[in-house]
Amino acid sequence: MCWSATADLVAGTGIAAVGAVCVIRARRRADLPLAALPLLLGAHQIVEARVWDTGGGTGPATVAWAVIALPLLAVWVPAGVLCAAPGRARRRLLFPLVTGAATAAALAHAMAVSPVRAEIRGHTMGYVVDLPRPEPVVVGYLFATVGALLLSGDRGLVLLGVLTGAGAAVCWWLWETEFVSTWCACAAVVSVTLLGRVNAREPVAPPERVDHG
């Protein structure tokens with residue numbers, strides 16, 4: 001989320017471009033889900049530009065924004081981490097993935113029962129989702145996303161988890177005060193960090209051919 005339609009559009013285009021480079025440069029198939037994350041984040045920003053243009057409300061752009069931000073990311077991130085993480089960490093990463101799936105189900109149900117509403121609040125865009133008990137859902141979402149990164153056993157992904165957690169805390173505080181929305185800056189940091197990780201990854205060595213002749 002950014003502070004205006006123009007900021008969202010510019011940030012979204014730039015983040016999506018970083019995502020395209022990540023996907024092109026990914027040397028391992030297992031890295032592709034995480035490498036594609038900036039593409040999703042960029043599309044998310046571009047969708048919100050449309051939410052700004054329509055003045056918020058409950059229209060298709062608001063629904064699309066909520067679907068990406070809430071149930072989709074709750075599953076995409078832990079699934080991507082599970083694919084990219086070292087084999088020794090994959091068993092424990094099932095816990096964030098299962099938590100993310102349960103969280104996504106709860107969020108999808110809430111969105112189906114009651115429409116998501118977007119509200120312009122100064123230089124921020126607020127989204128209202130009717131959750132009877134939001135606290136467990138928030139905890140589950142954070143464990144599925146930030147927690148998966150921290151549990152990954154991969155130095156680059158752990159760093160990404162620290163940056164994401166710290167950036168989200170700062171952005172949330174600024175957003176709660178309705179001063180300015182800077183989630184797009186957090187998305188940009190995540191995307192550039194992922195690009196650095198993709199560039200640093202060594203390709204998988206092809207299996208050696210055995211000559212039986």
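Residues numbered from 1 in each chain as written. Predicted model: local features only at pLDDT ≥ 70, side-chain atom pairs only at ≥ 80, totals over all residues. Heavy atoms only, no water.

Draft legend 1. Broad picture of the side chain of Ser 191. With respect to the helices and strands, Ser 191 occurs in helix α8 (residues 183-200). Setting aside residues no more than four positions away along its own chain, Ser 191 makes contact with Ile 15, Val 18, Cys 22, Pro 38 and Leu 41. (Helix = DSSP H or I, 4+ residues; strand = E, 2+ residues; numbered from the N terminus. Contact = heavy atoms within 4.5 Å.)

Draft legend 2. Expanded view of the nonpolar core. Counting 42 residues, the largest nonpolar core has Leu 34, Leu 37, Leu 41, Leu 73, Val 81 and Tyr 127 as its most contacted members. Mapped by element, the contributors of at least two residues to this core are α1 (5-25), α3 (37-53), α4 (60-84), α5 (90-113), β2 (124-128), α6 (134-150), α7 (155-176) and α8. Cys 22, Ala 26, Leu 195 and Val 198 belong to the second largest nonpolar core, which has 6 residues in total. (Core = buried A, V, L, I, M, F, W, Y, C linked by side-chain atoms within 4.5 Å. Buried < 20%, exposed > 50% of the residue type's maximum accessible area, 1.4 Å probe, protein only.)

Draft legend 3. Summary view of the side chain of Thr 164. Relative to the helices and strands, Thr 164 is located in helix α7. A relative accessible area of 17% means that Thr 164 is categorised as buried. A polar atom in the side chain of Thr 164 sits 2.7 Å from the backbone oxygen of Leu 160. Ignoring sequence-local partners within four residues, the contact set of Thr 164 consists of Val 146, Leu 149, Cys 186 and Val 190. (Polar contact = N/O pair within 3.5 Å; in protein donor to acceptor, adjacent residues only side chain to side chain.)

Draft legend 4. Structural detail: the pairing of strand β1 (residues 117-121). As defined by bridge partners, β1 adjoins β2 across 5 bridges and the pair is classed as antiparallel. Its bridge partner lying in β2, Glu 119 is registered against Gly 126. Between the end of β1 and the start of β2, which pair antiparallel, lie 2 residues, with Gly 122 showing a positive phi angle near 65°. (Pairing = 2+ DSSP bridges.)

Draft legend 5. Main features of the packing of α1 against α3. It is the contact of α1 with α3, at a shortest axis distance of 7 Å, that shows an interaxial angle of 165°. In terms of their interaxial angle, α1 and α3 are classed as roughly antiparallel. Two packed elements cross with a definite hand, and for α1 against α3 that hand is left-handed. On α3, the residues touching Ala 5, Asp 8, Leu 9, Gly 12, Thr 13, Ile 15, Ala 16, Val 18, Gly 19, Ala 20, Cys 22 and Val 23 of α1 are Pro 38, Leu 39, Leu 41, Gly 42, Gln 45, Ile 46, Glu 48, Ala 49, Trp 52 and Asp 53. Residue composition of the contact of α1 with α3, grouped by class: 14 nonpolar, 5 polar and 3 charged. (Axes fitted to C-alpha atoms, helices over the stretch in contact; angles between N-to-C directions. Parallel < 35°, antiparallel > 145°, perpendicular 65-115°, else oblique. Left-handed = near helix turned anticlockwise from the far one by under 90°. Nonpolar A, V, L, I, M, F, W, Y, C, P; charged D, E, K, R; others polar.)

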